[in-house]
Amino acid sequence: MFTESTLVFIALSAIFAYSFYAVLVAGQLSLGQAGFASLAAFTGAALAPSPNDVGDLPALLIAIFIGMTVGALAAVILGLPTMRLRGVFLAIATLAFAEAVRILIINMDWTGGAQGMSVPKILEPWMAWVLLALVAYWFWRQGPSRYGRALEAIREDELAARAMGIDVGTHRLSAFIAAGAIAGLYGVLWAFYVRLIAPEDFGFAQAIDGLVTAVVGGSTAFVGPLLGSVFLTMVPEVQRAIGIEAGWIRPFLASLLLLLVILFLPGGLASLLPRRVARLVSGSDSEQAELESRLAQRVHPTEGQTVVNLQGLGKDYGGVHANRDIDLHITGGEVIGLIGPNGAGKTTLVNMISGLTRSTSGTAEVLGLDPGKVAVHKVAAAGVSRTFQHSKLFARLSALENVMVGGHLVSKPTFLRRLFWLPSARRDERRLAVHAASCLERVGLGDKAGNRASALSYGDQRRLEIARALASDPSLLILDEPAAGMNHVEADALSDLIGSLSTDGLTILLIEHNVGMVMKTCSRIVVLNFGEVIATGTPEEIANNPAVVEAYLGSAESEEAS
Amino acid sequence: MQQLLNGLFTGSIYALFAIGFTLVFGVLDRLNLAHPAVFAVSAFVGIELVEVAGLSIWYTLPIVFVVGGLLGIIIERVAFRPLKNRPDAHFAGLISSIALAGMFIALLQWRYGPNTRRFPADSFPSTTFTVFGAQVTLLQVAILVISVALMVALTLLVAKSRLGRGMRAIAENPTAARVLGINVDRVTMTTFAISSALGAVAGALFAMNVNSAQLGMGTAIELKGLAVIIVGGMGSLPGALVGGLLLGLAEVFAVANIGSSWRDMVAFGLLFLILLVRPQGLFGARKVREV
Amino acid sequence: MTESHATEPILKVENLVVSYGRVEAVRGVSFQAASGSLITLVGANGAGKSSIINAVSGIVRPKAGTITFEGRDITKTSAHALVGEGLVQVPEGRQILGTLTIHENLQLGGWHTNDTAAIREVYERFPVLAERRDLPAGALSGGEQQMLAIGRALVARPRLILLDEPSMGLAPKIVDEVFRVIEEIRASGTTVVLIEQNARRALRAADHGYVLASGEIAHEGPAADLLADERVVQAYLGV
């Protein structure tokens, strides 16, 4: 059963599957890898020196170098114009690219046209497996690094990732490039094993095969592609061993297997393995304090300094005024409550302040920049952090990992150093983990650090969002209905937490329906209705303002006598 | 002129195929990659009906329509309904429909073997017409007429009938549709059935047009179908019609002027161009599904 | 409004529990509506009002509890079947199908009943809809959309109508109009269950009221009593 060719094909198909994994880990459904492989294979085979001149291994290595470079370049060429595409559109565009490459190669002379190109057979099983091990190693080190977490965050919730300060564009492109290089590696290795390469070898069917292997293996653990490859290569071997010969049964069973896996095992084979969550080995208290104090500290605005300045700000959706003529000035250390009935425009206003939505009139200045003019992650980098009305947690990550992603901006990149097992990388990771753990402690979730975010109760999820927002050491913290679904006790605890954060120097903007909590927690309250500010003032002033009472409890004017 | 007409005939089949794709995507926001497999299955079934049951090619079409409808129901039940509430439903649906397609093609291979099949020699009427100096067979005219008729019928169904209103309601806002009392599951199933039925007729017509059916024909047309719906606009019925005809014509002219081996590139060239310049397609609207 | 003499209430909800995943939005709520009455559920956001309505109308399946309509157990009945049985919801945010015309929206209301006479009656009640019947519904103003949403529900000739926050986002004058329509509907014999943030307005229109907080019923009683009760104000404002 384990012939030389079986061994080689398992390794090669695993490498190809890794090129899909590289983008799936970031949630991008790119199917162009067959095209990268094809270009790399033909270019590598054509440009590499003959093994007779330089020896087998050197020729292969040179070809690999050429192939991976070509693959990476092709990925950039595909990745840049498709930057804005998501989901199905991206899948189709990249699939079309792979097909286009195939046709291109058929029509070119130097590639041998449809006949293909003959290539000396150099590859031996041990070489393939060594290279596979290197690729797997790469992803093994990537997973628990800051970069790897950022990719997973993008997969789970792209918008939330942006709000944590992650530059989604560059991360996506880098994932593409990795996919391109690895697909290129696969292409070259394939070429130097099968002796004859033709454009058909890298066509639609192969593209689907690679995707299937990656999906069956699973994209939540780095061993996924390897598992998928072993499994899928072994299925026809097993079938042959137990005597199933007929040509149609094998593809039928393979497809049936794929169907069963996707229906019943959505995370693939890798999901059968327990996910290794970031764990915190507790050190002594003084060690923790020392570690924490070294995490990058921002200079926060002091009392009286402008944090937010909005003038005449408005948002118009084709005739519907979500916000109109908003003037708002927030200074350092204030705790501002933003209240108003449903549909009053609170979330839209907050979206404009945090850069998620562009205003259509007026000016805005937040921590020194105009949030409507820069990318979301730059607004986060300036010191704005927020929670969302509908939880946007990174569902499949643990609570601790969620907060660690929140700390993206204050932590150092660790991936490259992890590749070489440098101890400074481990120290930095630990520092981040300790920092994240202390944020969790602050909201009362210290004991749930290892739990998956999606498995937490609603109240805990709301608190996790806050912990995550705190991790970036923000100057302005925006909380969008943090007390939703909380009872009196929980809401009181939240109120105390907000108070203590304010004492620490944070400026806080709070949207809430729980008016009692807002009255207790905030130094100033702004009331919105129909997109406009109808009142601002201290809690006492607001409670006694008839316009506010009317907005909330309903109009007192009516024909009927009570 | 000959080119123009040939392009029109092939294009109308592309359009009929694509309209099934775009119907499911427009109403249900799902890409059904088992659609090309239905295309292939119906081609083989059509040939068998003529060969074995001795039916005239015209009578095979309604039967193939029904077979397609049944396959559509199977696809919906097996590949899409179980995934309804999963967060990765789009992606998973893609894979499960690919899997089902693989199973269909494997079964085709079991029943018909791996070789190309053709219609029996005397299946096609030999009448030809001369239109503006070009030769046109009765078969080709029939293909054009049937394709266009089916697409018009679908457009009317969606615009005027109760079912069509239900489809449009679900396309815009599935939750509102449920609140209104629309049986979303039943309408979904019907949508898939209609989509596959149309794809099946397209397959039979295609096989008649080139007088052959091969196992790989689904894959070959799959990417073109995707190109057509993106160029025309995902979810737009007139877009699929126009896009299909456009592709048919563009291909014919490319072959005449650049060379036949570049023919398939035309689809991708158009696709890329549209994705970069106007991603919502010629007739598409920027739709934001409220979640 | 005098008490109905029917022995069984037209709608009875007992110990309803609704959860989304591990989150319990509704924790053991019981209430009922007498035939022909108007009852209202008020409370702050996040108190669970919408979840209750969605459970009753079959959009969401409750985790526990029973819902009885006209003596029949409808706990597990799904939304599309209930519309055919005379129980219709006017959802939060109106959920108008903007790309369809007004007339098509109304036709959809009659998905089960196919009652063209009912559509004519809706046009008589809301002439502004009749004027614009072939325009896309998305072109209507907020108040007009609310009328359309109510009209759409009426096409099914329901015996019980559930209204989820009909005053949301509407100017006070339009809200008056909406409530006038609601009272007319009630007067014609249809039972109305009303969810509202605008507690005062709702309690003024209703016979009986329930105040919700954190997924449970904090107060209940005849609407007039609740209106005059300071505790309600406090519970609602959470002070």
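Everything numeric in this text was worked out from a predicted model, so none of it was measured.

Q: Just give me the short version of the overall build of chain B, but keep the residues and values in it.
A: A tally of helices and strands in chain B yields eleven helices and two strands. In summary, chain B has a C-alpha radius of gyration of 19 Å against a globular reference of 19 Å for 291 residues, a match within 12%. Projected onto its principal axes, the C-alpha coordinates of chain B cover approximately 55 × 45 × 35 Å. A total of 291 residues make up chain B; the buried ones form 55% of that total. Sequence-distant contacts, at least 24 apart, represent 77% of the contacts inside chain B between residues at least 6 apart.

Q: Quick rundown of the nonpolar core? Include the residues and the values.
A: Grouped together as the largest cluster of nonpolar side chains are 363 residues, with contacts concentrated most on Ile15(A), Leu189(A) and Ala227(B). No other element matches helix H9 (residues 168-194) of chain A, which puts 17 residues into this core. When residues no more than four places from it in sequence are discounted, the contact partners of Ile15(A) are Leu131(A), Leu132(A), Val135(A), Ile182(A), Leu185(A), Tyr186(A) and Leu189(A).

Q: So what's going on with the interface of chain A and chain B? Which residues, and what values?
A: Of the residues lining the interface, 30 residues belong to chain A; the matching set on chain B comes to 34 residues. If you list the elements that add at least two residues to the side of chain A that touches chain B, you get helix H5 (87-106), helix H10 (204-217) and helix H12 (249-264) of chain A. The element contributing the most residues to the side of chain A that touches chain B is H5(A), with eleven residues. When its residues are assigned to classes, the side of chain A that touches chain B shows 25 nonpolar, four polar and one charged.

Q: So, the environment of Val88(C): which residues are in play, and what are the values?
A: Residues and elements named next belong to chain C. Mapped onto the elements of the fold, valine 88 is located in strand S6 (residues 87-90). Residue valine 88 is classed as buried on the basis of its 29 C-beta neighbours within 10 Å. Separated by 64 residues in sequence, valine 88 and arginine 152 place their C-alpha atoms 9.6 Å apart.

Q: How would you summarise the sheet that holds strand S4 (residues 320-331) of chain A if you had to cite specific residues and measurements?
A: Picture the strands of a sheet paired through backbone hydrogen bonds; they go either parallel or antiparallel. All names here are of chain A. Reading across the sheet, the three strands line up as S4-S3-S6 and stay open at both edges, with antiparallel pairing between neighbours. The outermost strands of the open sheet, each flanked by one partner alone, are S4 and strand S6 (361-366). Neighbour-to-neighbour, the strand axes of the sheet open up by a mean angle of 15°, direction not taken into account. Direction of pairing for strand S3 (residues 306-317) relative to S4: antiparallel, over a ladder of eight bridges.

Q: For the sheet that holds strand S9 (residues 208-213) of chain C, give the residues involved together with the corresponding values.
A: All names here are of chain C. Spatial ordering of the open sheet is given by S6-S7-S8-S3-S9-S10, a layout of six strands whose pairing is mixed. Sheet topology places S6 and strand S10 (216-222) at the edges, where each strand pairs with a single neighbour. The mean angle between the axes of side-by-side strands here comes to 15°, regardless of whether they run parallel or antiparallel. One ladder, built from five bridges, connects strand S3 (residues 38-43) with S9; its direction is parallel. The residue bridging threonine 40 from the neighbouring strand is glycine 209, located in S9. The sheet strands contacting helix H1 (residues 49-56) are S3, S6, strand S7 (160-164), strand S8 (191-196) and S9, and the helix crosses S7 at an angle near 150°.

Q: Quick rundown of the domain arrangement of chain A? Include the residues and the values.
A: Residues and elements named next belong to chain A. When its domains are assigned, chain A resolves into domain 1 (4-203), domain 2 (301-383 + 480-488 + 506-554) and domain 3 (387-473). The C-alpha centroid of domain 2 is placed 48 Å from the C-alpha centroid of domain 1. With six residues of domain 1 in contact, the opposing surface of domain 2 contributes five residues. Tallied by class, residues from the side of domain 1 that touches domain 2 come to three nonpolar, one polar and two charged.

What counts and what doesn't
- Residues numbered from 1 in each chain as written.
- Chains lettered and ligands numbered in written order.
- Predicted model: local features only at pLDDT ≥ 70, side-chain atom pairs only at ≥ 80, totals over all residues.
- Helix = DSSP H or I, 4+ residues; strand = E, 2+ residues; numbered from the N terminus.
- Rg over C-alpha atoms; globule rule 2.2 N^0.38 Å.
- Buried ≥ 20, exposed ≤ 12 C-beta atoms within 10 Å, placed from the backbone.
- Contact = placed C-beta atoms within 7 Å.
- Core = buried A, V, L, I, M, F, W, Y, C linked by C-beta atoms within 7 Å.
- Nonpolar A, V, L, I, M, F, W, Y, C, P; charged D, E, K, R; others polar.
- Pairing = 2+ DSSP bridges.
- Axes fitted to C-alpha atoms, helices over the stretch in contact; angles between N-to-C directions.
- Domains from an automatic or database assignment.

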